[in-house]
Amino acid sequence: MTDETFWCENAWLDGEVVQSVAVSVSDGRITAIETGAPPVASRLLNGLVIPGLANAHSHAFHRALRSRTQRDRGSFWTWRKLMYQTAGQLTPERYRVLATAVYAEMALAGITAVGEFHYLHHDVGGRRYADPNEMGKALVAAASDAGVRLTLLDTCYLRSGLDGAPLAEGPQQRFGDGTATGWAERVDGLRRDVESEAQVIVGAAIHSVRAVPPSEMGIVAAWADTHDAPLHVHSSEQTAEVDECVAVHNCTPTALLRDNGVLGRRTTAVHATHLTDEDIADMDRTATGVCFCPTTERDLGDGIGPATALLAGRGLFSLGSDSHAVIDLFEEARAVELDERLARRERGIISAATLLDAATAAGQHALGWPDAGALRVGGHADLVAVDTRSIRTAGGGATAENIVFAASAADVTDVIVDGRHVVTEGRHVGLPDVGDALVRAIGCQL
Ligand SMILES: [Zn+2]
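Values in this document were obtained by computation on a predicted structure and should not be read as measured data.

Asker: Could you give me a rundown of helix 11 (residues 329-344), with the residues and numbers involved?
Answerer: Its 16 residues place the ends of helix 11 23 Å apart at the C-alpha level, agreeing with the 22 Å of an ideal helix rising 1.5 Å per residue. Of all the bends in helix 11, the greatest measures close to 30 degrees and is centred on A335. With 12 of 16 residues buried, helix 11 is to be regarded as a mostly interior element. Along helix 11, the residues that are buried comprise L329, F330, E331, E332, A333, R334, A335, V336, E337, D339, E340 and R341. The opening residue of helix 11, the one whose side-chain oxygen lies 3.0 Å from the backbone nitrogen of F330, is D328. A positive backbone phi angle near 55 degrees is found at R345, which sits one or two residues after helix 11.

Set out below in structure tokens:
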């Protein structure tokens, strides 16, 4: 890769906006940052350049459900029926096409790394493909084609509920590996096959306390420890899940994860919406991270998580678009503060700088890319230029407040991932018409 210098009209450096910044890049890393630099004509990035956004929680195939799940007033059953219908129809070829378009949409939104919480492993009826990781590899190829880094959080999913019932007939059969040991053997194979890819990390996930029995959780956690890999888990998203866990195990989902060795610095609890004070103390003591997905949580009517208490703790606080009701990390970021305002009837609780950090550095770290998410010498050369003179942002200035509270994904003009220009002037370099690619990919599904 050739050496390049990008000139930023304004850049977000160490928590503040700095004007006229030259960022030199070599082999995908930042090699120098010069402030007060004269413009370099060939690589001008106007507006405010921020580090790469991280989408720490994605289910790529849920993108096919967007808006369709709002029909019939968008009941829970509309959502569930369509989700299983889509899960039942995907083949590795179709999933690659769909995920490529979805990850390209993410690239256009300034996302440079995605955490794919991947549980659609097997063929119809749970039959293994000739290569049992064919679905995972379709996602690896999709991320590569879309130009984003991928943390493939390969998800262990063993049963249908806390009552211990086996996987249901139908699409759910496609999720299961029988045992956590069976899961680990398959994921070892995936890791061996893709570990040479510089932009891919294979991580682990426990689907939820519903889908993995406590006796099997430790095997997944041990796999993540052995491989120094991120470990993610859906937790405490809805009160029904918490109530059922208390009824069956006499403790909350967080306590169950704690008692089975799942909490810790490498772990991210996704949602973490309904937590007790003891849960929050456990998360802090173990430095367990959380990933809030506010646009999905409000779409599904989940509730509002304890953001300020978790932000005050030692764990990472990241953001994800989860079901992709929208793909816009600025919207996820501002929702954390705006939800707090509605709940408390009070303003100014979480700063724009803190929210921007959640959308960038914390998310990249939670996905196993600790050297990304900041414009820093030696770090990943991820640069995202946001237009500060668009219809939405005009007059707000080159500030973190304008980016977090007014910008949308459509205001991202240029995206550089590991030194490669993936989006130029609002167009994806590899996939010129992402909207058309989405229409065609989703048209195959529904
Ligand atoms: Zn999810």
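Asker: Give me the side chain of E297: which residues, what numbers.
Answerer: Looking at the secondary structure, you find E297 in helix 9 (residues 294-299). Comment: no salt bridge for buried E297; closest opposite-charge side chain is R298, at 9.0 Å. Excluding anything up to four places from it in sequence, E297 contacts H271, T273, F292, D302 and G303.

Asker: Run through the environment of R298, naming residues and quoting values.
Answerer: Looking at the secondary structure, you find R298 in helix 9. Between the C-alpha atom of R298 and that of A335, which follows or precedes it by 37 residues, the distance is 9.5 Å. R298 has contacts with E331 and A335, leaving out every residue within four places of it along the chain.

Asker: Any chance you could break down the sheet that holds strand 4 (residues 44-50) for me, citing the residues and the numbers?
Answerer: Overall, mixed pairing links the eight strands, which are arranged 3-2-1-4-13-14-15-16 in an open sheet. What marks the edges here is a single partner per strand, and that holds for strand 3 (29-35) and strand 16 (427-428). Inspection of the sheet shows strand 13 (residues 383-386) paired to strand 14 (residues 412-417) by four bridges, in the antiparallel sense. Following the sheet pairing, L383 is matched in strand 14 by I416.

Asker: Tell me what's going on with the coordination of the zinc ion, and back it up with residues and numbers.
Answerer: Around the zinc ion, the protein contributes the donor atoms H57 (NE2), H59 (NE2), H234 (NE2) and D322 (OD), which lie 2.1 to 2.6 Å from the metal centre. Because the angles between the four donor atoms bound to the zinc ion fall within 84 to 172 degrees, the donor set is best described as irregular. The sequence pattern formed by the donor residues of the zinc ion is H-x1-H-x174-H-x87-D. Here H234 lies in strand 9 (residues 231-235) and H59 lies in the loop between strand 5 (53-58) and helix 1 (76-89), a separation of 175 residues in the sequence.

Asker: Kindly report on the nonpolar core, identifying the contributing residues and their values.
Answerer: I50, F61, Y95, L98, Y103, F317 and L319 are the most contacted members of the largest nonpolar core, which totals 124 residues. Per element, the largest residue contribution to this core is nine residues, and it comes from helix 2 (residues 92-108). With sequence-adjacent residues up to four places away left out, Y103 is seen in contact with S58, A60, V114, E116, L139, A142, A143, A146, V148 and L150. Judged by nonpolar contacts, the second largest core, of 16 residues, contains V18, V23, I30 and L375.

Asker: Lay out the sheet that holds strand 12 (residues 317-319) in plain terms, naming residues and giving numbers.
Answerer: Sheets are built from strands paired through backbone hydrogen bonds, the pairs being either parallel or antiparallel. Taken in spatial order, the eight strands make up an open sheet running 5-6-7-8-9-10-11-12, and their pairing is parallel. Edge positions in the sheet fall to strand 5 and strand 12, since each of these pairs with one other strand and no more. Across the sheet, the mean angle from the axis of one strand to that of its neighbour is 25 degrees, orientation sign disregarded. Here five bridges tie strand 9 to strand 10 (residues 267-271), and the two strands are oriented parallel to one another. When the bridges of strand 10 are listed, S235 appears paired with H271. Lying over the sheet, helix 4 (residues 180-194) contacts strand 7 (149-156) and strand 8 (200-206), oriented at roughly 160 degrees with respect to strand 7. Seen against the sheet, helix 5 (residues 214-226) touches strand 7, strand 8 and strand 9 and runs at an angle of roughly 160 degrees to strand 8.

About the cut-offs
- Residues numbered from 1 in each chain as written.
- Predicted model: local features only at pLDDT ≥ 70, side-chain atom pairs only at ≥ 80, totals over all residues.
- Heavy atoms only, no water.
- Helix = DSSP H or I, 4+ residues; strand = E, 2+ residues; numbered from the N terminus.
- Expected span 1.5 Å × (residues − 1).
- Bend = angle between axes of the 7 residues up to and from the residue.
- Buried < 20%, exposed > 50% of the residue type's maximum accessible area, 1.4 Å probe, protein only.
- Polar contact = N/O pair within 3.5 Å; in protein donor to acceptor, adjacent residues only side chain to side chain.
- Lys, Arg positive; Asp, Glu negative; His and termini not counted.
- Salt bridge = Lys/Arg side-chain N within 4 Å of Asp/Glu carboxyl O.
- Contact = heavy atoms within 4.5 Å.
- Pairing = 2+ DSSP bridges.
- Donors = N, O, S within 2.8 Å, 3.2 Å for Na, K, Ca; no water.
- Tetrahedral: all angles 85-135°; square planar, octahedral: opposite > 155°, others 65-115°.
- Core = buried A, V, L, I, M, F, W, Y, C linked by side-chain atoms within 4.5 Å.
- Axes fitted to C-alpha atoms, helices over the stretch in contact; angles between N-to-C directions.

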